[in-house]
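# Structural characterization, general
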Amino acid sequence: MDGAMEKPIARLRLLRGLSLMGVVFTIVVILVGVWTRLVDAGLGCPDWPGCYGRLVVPDADTASLHSPDAPLETFKAWVEMVHRYIASALGLLVLALVALALPLRRRAGFPWRLTLALLAVIILQGAFGAFTVTLKLWPQVVTLHLLGGLTVMLLFLWLHLRLRQATLEGVQQPRVKRRMSLLWALVAALLVGQLALGGWTSSNYAGISCQGFPTCNGEWWPEMDWSDGFHLTQTVGPNYLHGQLHADARTAIHFGHRLGALALGVGLVLLAVAHWSRREMRPWMLGILGSYAFQVALGVANVLLWLPLSLALAHTAGAVLLIVVLTLAYWRASLMRSDKPGYQQVDDKKEWAHA
Ligand code: HEM
């Protein structure tokens, strides 16, 4: 390899490492964010970006001078600030990645648009983090903030896969084109819907509004108020900590999340059936069905055990796992389809050596 080629490859390797770091780091930030919500620390600091106007949590006297109506709870304020510090560090990682990627942006096959998409989503996430505080945990914003965090993780993962491929093929090669089949698109839509329903369940504090499983409050079809539960333009109340909706509306939200899980399960079984004839895809399909079953089991355990902190966190981690496994399986499936005319073949052994 000549010197001119070596430089971009070394840079690609660095970017590849950073993108993988980004995946792990984003998962940590998401879980700390969820922990912040679960310990009711989302409003631990009444302002943004500072906490009672300071970069670090101040003492009670300083805090009461800044916001007399929001008494300082030191633990909650620190939890909220730790989430902001690590989210800011993640933002810096994305900026570093964009800066390092800049010289490679014109090279064929380099995922520059993906890098820019990551930058755009992380900026949006910062804005949603601010709105979460200023709009007092408005469920719409909290749900979008969760979906945004999961999108950042997904973009980091996809970027990593693309960079790995670019290092294998050399940056000058045109990239493998992927077209999502109808079935994969359906599964992706069902997953996004289910993640949104999950975020809606937690941000409206509807996690324990359906007692028991498989029945809900002792009935197969309990009393529910769907229009209030899914009133997406409801006004901003004084504060959404612990929710504002009445019991029947929360039951509808929780029940909707269970129905969403069922629909996703059907979609995943169809996906597994469709791919079963390809021997190489079988472990991936088993991985998808296994992580789905694990996630459902965690959801049910949360209901039966009244949402203990560790299980609630594990349920979000389970959602992350499902996204990762599905993404890797999709990547694998699309590489296999690349032997069709017009697609570029990727060397299987090399690919796995890198993995
Ligand atoms: C594979 C299907 C499922 C996925 C992908 C999923 C995903 C999610 C997500 C992303 C959240 C929001 C977590 C957060 O805000 O931190 C959530 C919340 C929740 N899910 Fe699921 N879920 C699934 C199935 C289920 C099932 C079958 C049940 C119960 C029978 C369940 C019960 C819950 C409960 C109780 C919450 C609220 C947790 C809280 O308030 O912290 N989930 N789910």
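What counts, and at which threshold
Along each chain, the written sequence defines residue order, and numbers are assigned to residues from 1. Confidence filtering applies because this is a predicted model: local features only for residues at pLDDT of at least 70, side-chain atom pairs given and counted only at 80 or more, and all residues used for totals across whole chains, interfaces and linings. The side-chain figures draw on all heavy atoms in the structure; neither hydrogens nor water molecules are used. If a single non-hydrogen atom of a residue is within 4 Å of a molecule or strand, that residue counts as near it. Side-chain atoms alone can form a polar contact between residues adjacent in sequence; in general such a contact is a pair of N or O atoms within 3.5 Å, and within protein one must be able to donate a hydrogen while the other accepts it. Segments assigned H or I by DSSP are reported as helices when at least four residues long, segments assigned E as strands when at least two residues long, and all are numbered from the N terminus. By the convention adopted, Pro, Cys, Tyr, Trp, Phe, Met, Ile, Leu, Val and Ala count as nonpolar, Lys, Arg, Asp and Glu as charged, and the other residues, Gly among them, as polar. Annotation comment: domain bounds sourced from an automatic or database domain assignment. Working definition: with a 1.4 Å probe on protein chains only, accessible area under 20% of the residue-type maximum means buried, over 50% means exposed, and in between means partly exposed. We call two residues contacting when some pair of their heavy atoms lies within 4.5 Å. UniProt positions are given in the numbering used here, feature names are shortened, and annotations may be inferred rather than shown by experiment. For every element, the axis is a line fit to its C-alpha atoms; helices are fit only across the contacting stretch, and the angle between N-to-C directions ranges from 0 to 180 degrees. Working rule for angles: under 35 degrees goes down as roughly parallel, over 145 as roughly antiparallel, 65 to 115 as roughly perpendicular, anything else as oblique. A crossing counts as left-handed when the near helix is turned anticlockwise from the far one by less than a right angle, and as right-handed when that turn is clockwise. A helix's residues, less one, multiplied by 1.5 Å, set its expected span. As a rule, N, O and S atoms within 2.8 Å of a metal are its donors, except that Na, K and Ca use 3.2 Å; water is not among the atoms, so sites may look incomplete. In this scheme the shape depends on donor count and angles: four donors with every angle between 85 and 135 degrees give tetrahedral, four or six donors with opposite pairs above 155 degrees and others between 65 and 115 give square planar or octahedral in turn, and any other case is irregular. Pairing of aromatic rings covers Phe, Tyr and the six-membered ring of Trp, with a centre-to-centre limit of 6.5 Å; geometry is then stacked below 30 degrees between planes, edge-to-face above 60, and tilted otherwise.

### Structural notes on the site of the ligand
Not every one of the 27 residues close to the ligand is listed here, only the nearest: Arg37, Ser202, His257, His315 and Thr316. Contacts to the ligand include arginine 37, whose side-chain N or O atom sits 2.9 Å from an oxygen atom. Contact distances for the ligand include 2.6 Å between an oxygen atom and a side-chain N or O atom of serine 202. Mapped by element, the contributors of at least two residues to the shell around the ligand are helix H1 (3-38), helix H6 (182-203), helix H8 (247-275), helix H9 (282-304) and helix H10 (309-337). Among the residues making up the shell around the ligand, the classes are represented as 13 nonpolar, 12 polar and 2 charged. Residue assignment places the shell around the ligand across two domains, with domain 1 (1-175) and domain 2 (180-355) each supplying three or more.

### So, the environment of arginine 105
Structurally, arginine 105 can be placed in the loop between helix H3 (74-101) and helix H4 (112-134). On the basis of relative accessibility, which here comes to 31%, the residue arginine 105 falls in the partly exposed class. Separated by 10 residues in sequence, arginine 105 and threonine 115 place their C-alpha atoms 9.4 Å apart. When neighbours within four sequence positions are excluded, arginine 105 is seen to be in contact with Phe110 and Trp112. A polar contact of 2.7 Å, which involves the side chain of arginine 105, links it to the backbone oxygen of leucine 102.

### Focus: the UniProt feature "transmembrane region" (unreviewed entry) in the protein
The UniProt record marks residues 14-35, 85-104, 116-135, 141-161, 182-200, 255-274, 286-307 and 313-331 with the feature "transmembrane region" (unreviewed entry), using the residue numbering of this structure. Counted over residues 85-104, helix gives 85% and strand 0%. Its end C-alpha atoms are 30 Å apart. Within residues 182-200, the helical portion is 100% and the strand portion 0%, while the C-alpha atoms at the span's ends are 27 Å from each other.

### Digging into the packing of H3 against H4
Geometrically, a packed helix pair is captured by the angle between its two axes and the distance between the axes. The geometry of H3 relative to H4 is characterised by a closest axis approach of 10 Å and an angle of 160° between their N-to-C directions. Judged on the interaxial angle alone, H4 and H3 are roughly antiparallel. Our pair here, H3 against H4, has a crossing hand that is left-handed. Note on element contacts: H4 touches H3 through Trp112, Thr115, Leu118, Leu119, Ile122 and Val133, opposite Glu80, Arg84, Leu90, Gly91, Val94, Leu95, Leu97, Val98 and Ala101. Tallied by class, residues from the contact of H3 with H4 come to 11 nonpolar, 2 polar and 2 charged.

### Overview of H6
With 22 residues, H6 should cover 32 Å at 1.5 Å per step; its first-to-last C-alpha distance of 31 Å lies within 8% of that length. Looking only at H6, the buried set comprises Trp184, Val187, Leu191, Gln194, Leu195, Leu197, Gly198, Gly199, Trp200, Thr201 and Ser203. Two residues or fewer after H6 comes tyrosine 205, characterised by a positive phi angle close to 55°.

### Quick look at the coordination of the iron atom of the ligand
At 2.0 Å from the iron atom of the ligand lie its protein donor atoms, namely His257 (NE2) and His315 (NE2). Note that the iron atom of the ligand binds 6 donor atoms; their angles at the metal cover 87 to 178°, and the shape is octahedral. Of this pair, histidine 257 sits in helix H8 while histidine 315 sits in helix H10, and the two are 58 residues apart along the sequence. Taking relative accessible area as the criterion, histidine 257 reaches 16% and is therefore assigned buried.

### What to know about the packing of aromatic side chains
Enumeration according to the criterion identifies 7 aromatic pairs in this entry. Between the aromatic rings of tryptophan 158 and tryptophan 331, the centroid separation amounts to 5.0 Å while the plane-to-plane angle is 85°, which identifies the pairing as edge-to-face. Of the two residues, tryptophan 158 is situated in helix H5 (residues 139-169) and tryptophan 331 in helix H10; the sequence distance between them amounts to 173 residues. Since its relative accessible area comes to 3%, tryptophan 331 is described here as buried. Their ring planes at 80° and their centres at 5.0 Å tell us that tryptophan 221 and phenylalanine 255 sit as a pair that is edge-to-face. With tryptophan 221 in the loop between H6 and helix H7 (226-229) and phenylalanine 255 in helix H8, this residue pair connects regions lying 34 residues apart in the sequence. Joined through ring pairs, the aromatic side chains of Trp158, Trp184, Tyr330 and Trp331 make up one cluster.

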